[in-house]
Structures are given as structure tokens and as C-alpha cells.
Amino acid sequence: MIDIITKYFPRLTDEQKYQFEQLDTLYRDWNSKINVISRKDIDNLYEHHVLHSLSIAKAVHFLPGTKVLDFGTGGGFPGIPLAIFFPEVNFKLIDGTGKKIRVATEVSNAIGLKNVEAAHLRGEEEKGKYDFIVSRAVMPLPDLMKLIRKNFSKEQHNALPNGIFVLKGGDLTEEIKPFKKIAEVTSLDTYFDEEWFKEDKKLIYVPV
């Protein structure tokens, strides 16, 4: 089941493998009650959601103690896969929809994640300071940047400057125009060879 994860991340601990394996049962169960992943896509959980989230781990190695905000996490992506992968990094997952945060909270608790806090909050309400912000296609990048500029820490703890990682698809020309001098856009087929990642899937990094 998690072969697609271990194919690209072969050095997982037994605990990490166990946590990743649990996600299938947990998300199927929760998805039958609260729809956080489209019904037809649940069979693609590991490729379209878990591995997709972990593309951020291909782009950056967060150092222990780094603080990361998952903005608009939905049912826990990309935050939960990243929290499994980086057990010594602190993640806060926020979403404006309470029932989605409930799923993220229950899944985190069920697999014993100690480095995750999930909160029912809109972006405007989040006051904390973070080294990095991660997000999956919640809104156009210029709008997102306006909301989250207040949330970046001034202190630097990682080799990569503090900033945002956003997973997006499609033509991003207009969206990244305001940031084109500093944004780094990586096609996900650079990291993964499955067909789905060749369908214009990208990771954008914008330092702040």
C-alpha cells in the first residue's frame, strides 16, 4: 500500500511506515462520514494526497524545531504527511471548516502525532509566527500572500529562507507574475515519475 511512498523515501523508520499505513483505513472511515477527499479519489489517497504533500519534503529539509503553518489544511494535507515525515518539526493546521479540522485532529491523534496542533480558524484569525507556510491550492497566490505576510517569523532557522510552499496545478503565469523575480516553480514530475504528476502539477516556493 505505501510502496509508492517508500519508493521515493526509502529511509523511513518503522514508526513512520506504520503511521503512513494507517492513513488508508482512517481516511476511508472518516471520508464515509465527512467528505474530505472526493469519493472517486479515495483509492488514489497515497499518490494524489500523501505523495503529493511530500513533494515539499523533496524541496526542503525542515530542521528540528522549525514551525510550519498548514493554511487551509482541509482533512490534513499537506500537514499530516509532512508531520509524519518531520517528527521534530512543529505543525499547526488551520481550516475555516470545523468538520474538516475534526478529521485532521482525529487522524493525527489516531496515529500518535505529537507535533501537530489543528485549529478551526480562518487565515485572518491566525496570529502566530512561522518559519514556513504550506498550502494546497486554497486561493490565488497574491490573495494568499496578503493574508499570511503577518505570520512569518523574522528569525531564520533553516538553510532555505523563510517562505511559503504552495501546491498548484494549471497555468500559473498570471498568479506568479507579482513574484516572478523571486518565485521558484518546480514541476512535480521532477520528483515523481507517475503519470498523474506530469499533468501540470507544480510546487511554488516564494521566500519572504
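In short, a report on the structure.

1. Things to note about the overall build of the protein chain
Here's step 1: Each helix and strand in the protein chain was counted, giving 7 helices and 7 strands.
Here's step 2: Secondary structure elements in the protein chain, listed N-terminal to C-terminal, are α-α-α-β-α-β-α-β-β-α-β-α-β-β.
Here's step 3: At 16 Å, the protein chain has a C-alpha radius of gyration in line with the 17 Å of a compact globule built from 208 residues.
Here's step 4: For the protein chain, the spread of C-alpha atoms along the principal axes amounts to about 40 × 35 × 30 Å.
Here's step 5: Residue pairs in contact within the protein chain that sit at least 24 positions apart in sequence constitute 71% of those at least 6 positions apart.
Here's step 6: For the protein chain, the computed accessible surface area is about 9900 Å², with 50% contributed by carbon and sulfur atoms.

2. Remarks on the pairing of strand β2 (residues 90-95)
Here's step 1: Burial analysis of β2 places 5 of its 6 residues in the buried class, which makes it a mostly covered element.
Here's step 2: With 5 bridges joining them, strand β1 (residues 67-71) and β2 adopt parallel strand pairing. Within β2, the position partnered with Leu 69 by the bridge is Lys 92.
Here's step 3: Once you follow β1 into helix α4 (residues 79-85) and on to β2, the crossover reads as right-handed.
Here's step 4: Here β2 pairs with strand β3 (residues 116-120) via 5 bridges, running parallel. Residue pairing across strands places Lys 92 opposite Glu 117, the latter belonging to β3.
Here's step 5: What joins β2 to β3 is helix α5 (residues 98-110), and the crossover it makes is right-handed.

3. Concerning the sheet that holds strand β7 (residues 201-207)
Here's step 1: A sheet is described by the order of its strands in space; here 7 strands give the open sequence β3-β2-β1-β4-β5-β7-β6, paired in mixed fashion. Strand pairing shows two members of the sheet lacking a second neighbour, β3 and β6 (184-187), which therefore form its edges. The sheet shows a mean angle of 20 degrees between the axes of neighbouring strands, taken without regard to direction.
Here's step 2: Relative to strand β5 (residues 163-169), helix α3 (residues 45-59) is tilted by about 140 degrees, and along the sheet it contacts β4 (132-136), β5 and β7.
Here's step 3: In this fold α5 packs onto β2 and β3, with an angle of close to 165 degrees to the strand it touches most, β3.

Thresholds applied
Residues numbered from 1 in each chain as written. Predicted model: local features only at pLDDT ≥ 70, side-chain atom pairs only at ≥ 80, totals over all residues. Heavy atoms only, no water. Helix = DSSP H or I, 4+ residues; strand = E, 2+ residues; numbered from the N terminus. Rg over C-alpha atoms; globule rule 2.2 N^0.38 Å. Contact = heavy atoms within 4.5 Å. Areas by Shrake-Rupley, 256 points an atom, 1.4 Å probe, with all protein chains shown as cover. Buried < 20%, exposed > 50% of the residue type's maximum accessible area, 1.4 Å probe, protein only. Pairing = 2+ DSSP bridges. Right-handed = clockwise from strand over helix to strand, strands pointing away. Axes fitted to C-alpha atoms, helices over the stretch in contact; angles between N-to-C directions.

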